[in-house]
Amino acid sequence: SNYIHIVAIGYVFLSTALILNMAMNGAGYTFVPMLLVAAAHLGFRIPAALILANTLDMGIQGIWLAISGSLMLQAVLAAIWFRRGLWKHKKVDH
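Analysis parameters
Residues numbered from 1 in each chain as written. Predicted model: local features only at pLDDT ≥ 70, side-chain atom pairs only at ≥ 80, totals over all residues. Heavy atoms only, no water. Helix = DSSP H or I, 4+ residues; strand = E, 2+ residues; numbered from the N terminus. Contact = heavy atoms within 4.5 Å. Buried < 20%, exposed > 50% of the residue type's maximum accessible area, 1.4 Å probe, protein only. Lys, Arg positive; Asp, Glu negative; His and termini not counted. Salt bridge = Lys/Arg side-chain N within 4 Å of Asp/Glu carboxyl O. Polar contact = N/O pair within 3.5 Å; in protein donor to acceptor, adjacent residues only side chain to side chain. Phe/Tyr/Trp six-rings, centres within 6.5 Å; stacked < 30°, edge-to-face > 60°. Lys NZ or Arg CZ within 6 Å of the ring centre and 35° of its normal.

1. Remarks on the side chain of Ser70
Consideration 1: Within the secondary structure layout, Ser70 lies in helix α3 (residues 60-84).
Consideration 2: In this structure, Ser70 is in contact with Ala40, Phe44 and Arg45, ignoring residues within four places of it in sequence.

2. What to know about the side chain of Arg45
Consideration 1: Within the secondary structure layout, Arg45 lies in helix α2 (residues 31-55).
Consideration 2: In this structure Arg45 is buried but unpaired, with Asp57 as the nearest side chain of opposite charge at 20 Å.
Consideration 3: Of note is the side chain of Arg45, whose polar atom sits 2.8 Å from the side chain of Ser70.

3. Re the packing of aromatic side chains
Consideration 1: Taken as a whole, this structure holds two aromatic pairs when the rule is applied.
Consideration 2: Their ring planes at 70° and their centres at 5.5 Å tell us that Tyr3 and Trp64 sit as a pair that is edge-to-face. Highlighted residues: Tyr3 in helix α1 (residues 2-26) and Trp64 in helix α3, separated in sequence by 61 residues.
Consideration 3: When the centroid spacing of 4.7 Å and the interplanar angle of 20° are considered together, the rings of Phe82 and Trp87 count as stacked.
Consideration 4: In this structure Phe82 comes out as partly exposed when scored by relative accessible area, which is 25%.
Consideration 5: The class of Trp87 is buried, set by a relative accessible area of 16%.
Consideration 6: If you follow Arg84 out to its NZ or CZ, it ends over the ring of Trp81, 4.5 Å from the centre.

None of this, on its own, says anything about what the molecule does.
This is the structure we're talking about:
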């Protein structure tokens, strides 16, 4: 049940990130959303999971917190990038 309580919060942020990233993808602006996901997962989730689970002795709950935190980070990064509006100027070849 701890998993559901911790990760459920992150899923709200995941839905936001997915909507914003897919909007940019649909406009042909695909590279940055891929980088945002990679940054949140590889740059934050994995190191945070290792630190929380091992260094801070939180065990599996530390991993779940890292997952939820990375989803939050992904949503924040997607919102910032979406708001910048650079994706609106992407030219798509036919």
